[in-house]
Amino acid sequence: MTTPALLPLSGRRIPTLSPGTSSFPHHRATLRLSEKFILLLILSAFITLCFGAFFFLPDNSKHKLWPTHSLHLSAPVLFPGADLTVEWCEDGKVREEEESLRDKIRADHERALQEAKEKLRKSREELQAEIQTEKNKLMEDLKKKDAGPKPLPPVPMPRVVGVSDGEPPEPDVKEKRDKIREMMKHAWDSYRQYGWGHNELKPLAKKGHSTNIFGNSQLGATIVDALDTLYIMGLHEEFKDGQEWIEQNLDFGVNAEVSVFEVNIRFIGGLLATYYLSGQEVFKMKAVQLAEKLLPAFNTPTGIPWAMVNLKSGVGRNWGWASAGSSILAEFGTLHMEFVHLTYLTGNPAYYQKVMHIRKLLAKMDRPNGLYPNYLNPRTGRWGQHHTSVGGLGDSFYEYLLKAWLMSDKTDTEARKTYDDAIEAIERHLIRKSNGGLTFIGEWKNGHLERKMGHLACFAGGMFALGADGSPDDKAGHYLQLGAEIAHTCHESYDRTVLKLGPEAFKFDSGLEAVAVRQNEKYYILRPEVIETYWYMWRFTHDPKYRQWGWEAAQAIDKYCRVSGGFSGVKDVYSSNPTYDDVQQSFFLAETLKYLYLLFSSDDLLPFESWVFNTEAHPLPVLHLGNITLPGSEPAQR
């Protein structure tokens, strides 16, 4: 059998570049490119002819007895995407499908021979010119790829109101607000000086800091998390610095394993909020680029996402400590707000569909006592250990059910019904009054109520108030009162410490109420949840005590957490000589200081009618969709 020296030009393949390569590989091989290319063509021609010869062999099938059946063939190499079904007859003859396939291969074979002969007639210079042409084409393709993603489809910009100002008419309130603004500037300037580009700041060591939720990569978490706060406070120069860093340095192509939940609420939430507030396209584009990196986390048997995903490889896994490889309710249940906005802005239904799939899966599952356990196995679709909490591991799942309804302009009635049912079960099984009359939210563990409440659960006071309007059975007054009781309990947890800052968790048994017992629960890491509830309660009641309580907390933070290099958490709120943990959390700038600033602003700054805050305090506009239907969704029902 004679083989041609070369395949036709149209059939040859340019060497592909390895991931991350921006140009052709360095010339370290012993053969030059043109020689390699010719050898590759010869090899390709040889393989093609071998396959052709196989089909041209005499048909021996008639000498065999074949049962009548269908033979499923897949030909991914010769014919990508081909899916061929060939039926055999009892006498061994093939039907028209195989004959058609033979004809096609024979024609391809003849064409390959002819084009190879023409190739052999060309000079070395002509071949080199063709190779150079292919190289140039490849370089142009790479340039187009490096130019960035295609522009996103135009969509109506949601009506944004109250994105700045909000100056209070009272001079003393304005003075307090100015103080909060100064605290923000100190936190930002310290980060700018000592931790720029790092995820967070060590304010005592005066250097950058990162944790495993960011994969130990320099993604500038504090910059992304703080930008909308800077914008709202009118710190324009600081905002400009952050925007420039994001434009020039924020790269999601890093080999870093990150928390899907934390990256979603801090980065995607922060970028989307800043886009809506400022109108700068770069923030939208960066949010979409990052969101695409998170999608592989949903590649599980159930569609419940992994807790972590590698931004470069797309490989996901769960935390090792989470109940036999389970995913966590508060993590996979806190994606809805951001993902709905991603679908709205991009026209890509995948984001909306993935979060709705989670909701539908949960709706089908049995819930012990109507409660949602904190752990769900993404492989089996079964609950892990029966532990239910409105604090850590569960908190923002309930928050996002309510806020999905609010963000949809109150058209997502399914989300509202799910929220109401969940809160009814929580009130029945988890909410109690202490002997001293303090209302608290305990934790349900294997049929037993643990009379302990975490600082994280203190957000629920604001959630109950926010969800009061629209609650079933005319219970709006009841839930507003419940919110006030939770706010009071959480204030007591602050007031009963030496530093007037709340502990991480506090008990309601053995004669102790709203007090931390264990040493590892006495710390305060600049958390926002109590101040968050003060702000919601102020907006709904205008009771001056909420501003007073917020000011007490602000003064305590400024007195005991402020250091020359920023703000630090403290390890024991009951000690008059506290030691520092030396971390300025990004959420301190994103949430704690923002909620304080809003508490001392007028209500026309980010009004509830137009904005819904994600769980990291990033405001996203209400989508007044009207008759517009999100891609991949069913028409909204009012």
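Residue indices follow the written sequence of each chain, beginning from 1 at its first position. Given that this is a predicted model, residues contribute local features only at a pLDDT of at least 70 and side-chain atom pairs are listed and counted only at 80 or more, while totals for whole chains, interfaces and linings are drawn from all residues. Hydrogen atoms and water are omitted, and side-chain values are computed over all heavy atoms in the structure.

As annotated in an unreviewed UniProt entry, the chain carries the name alpha-1,2-Mannosidase and comes from Anabas testudineus. Quoted verbatim from the Subcellular location (unreviewed entry) heading of the UniProt record, the comment on the chain is "Endomembrane system". UniProt positions are given in the numbering used here, feature names are shortened, and annotations may be inferred rather than shown by experiment. Recorded in UniProt for the chain, the comment headed Function (unreviewed entry) runs: "Involved in the maturation of Asn-linked oligosaccharides. Progressively trim alpha-1,2-linked mannose residues from Man(9)GlcNAc(2) to produce Man(5)GlcNAc(2)."

## Things to note about the overall build of the chain
Secondary structure elements are defined from DSSP: runs of H or I of at least 4 residues count as helices, runs of E of at least 2 residues count as strands, and each element is numbered from the N terminus. Across its full length, the chain carries 18 helices and 21 strands. Looking at the chain as shown, the accessible area adds up to about 29,200 Å², and 52% of this sits on carbon and sulfur atoms. Per-residue accessibility takes into account occlusion by the displayed protein chains alone, with areas from the Shrake-Rupley method and a 1.4 Å probe.

## Regarding the packing of helix H4 (residues 171-194) against helix H18 (residues 586-599)
Between H4 and H18, the least distance of the axes is 9 Å, while the angle of their chain directions is 170 degrees. Taken as axis vectors, H4 and H18 run roughly antiparallel relative to one another. Between H4 and H18 the crossing geometry is left-handed. Here H4 contributes Arg177, Ile180, Arg181, Met183, Met184, Ala187 and Trp188 to the contact with H18, which in turn contributes Phe588, Leu589, Leu593, Leu596 and Tyr597. Amino acids are sorted into nonpolar (Ala, Val, Leu, Ile, Met, Phe, Trp, Tyr, Cys and Pro), charged (Asp, Glu, Lys and Arg) and polar (every other residue, Gly among them). Here the residues of the contact of H4 with H18 are counted per class, giving ten nonpolar, no polar and two charged. To get an axis, fit a line to the C-alpha atoms, keeping to the stretch in contact for a helix; angles then go from 0 to 180 degrees between the N-to-C directions. The labels follow the angle: roughly parallel below 35 degrees, roughly antiparallel above 145, roughly perpendicular from 65 to 115, and oblique for the rest. With the far helix as reference, a near helix turned anticlockwise by less than a right angle produces a left-handed crossing, and one turned clockwise produces a right-handed crossing. Residues count as neighbours in contact if any of their non-hydrogen atoms are within 4.5 Å of one another.

## A word on the packing of aromatic side chains
Two aromatic rings, taken as a pair, are described by how far apart their centres are and by the angle between their planes. To pair, rings of Phe, Tyr and Trp, with the six-membered ring standing in for Trp, must have centres within 6.5 Å; the planes then decide the type, stacked if under 30 degrees apart, edge-to-face if over 60, and tilted in the middle. If you walk through the whole model with that rule in mind, you get 28 aromatic pairs. Note on Tyr372 and Trp383: the rings are 6.5 Å apart at their centroids and 85 degrees apart in plane angle, and the pair reads as edge-to-face. Taken together, the positions of Tyr372 in the loop between helix H11 (349-364) and strand E9 (375-376) and Trp383 in the loop between E9 and strand E10 (387-388) put the pair eleven residues apart, joining distant regions of the chain. Each member of the pair, Tyr372 as well as Trp383, carries the same accessibility label: buried. Taking 5.9 Å as the distance between ring centres and 70 degrees as the angle between the ring planes, the aromatic pair formed by Phe506 and Phe508 counts as edge-to-face. When a residue's accessible area, from a 1.4 Å probe over protein chains only, is under 20% of the maximum for its type it is buried; when over 50% it is exposed; and in between it is partly exposed.

## Re the environment of Val570
Among the structural elements, Val570 can be located in the loop between strand E19 (566-567) and H18. Judged by its relative accessible area of 0%, Val570 is buried. Ignoring anything within four residues of it in the chain, the contact list for Val570 reads Leu499, Tyr523, Tyr524, Tyr560, Cys561, Pro578, Thr579, Tyr580 and Asp581.

## Side note on the pairing of strand E17 (residues 512-515)
Relative to E17, strand E16 (residues 505-509) runs antiparallel, the two being bridged by three bridges. Paired with Lys507 across the bridge in E17 is Val515. A pair of strands is considered paired only if DSSP assigns at least 2 bridges between the two. Counting the residues between successive antiparallel strands, the hairpin from E16 to E17 contains two residues, one of them, Ser510, with a positive phi of roughly 55 degrees.

## Things to note about the packing of helix H5 (residues 221-233) against H18
Where H5 meets H18, the closest approach of the two axes is 7 Å, and the angle between their N-to-C directions is 20 degrees. One element, H5, and the other, H18, form an angle in the roughly parallel class. Where H5 crosses over H18, the handedness of that crossing is left-handed. Residues Ala221, Thr222, Asp225, Ala226, Asp228, Thr229, Ile232 and Met233 of H5 touch H18, and the partners they reach there are Ser586, Phe587, Leu589, Ala590, Leu593, Lys594 and Tyr597.

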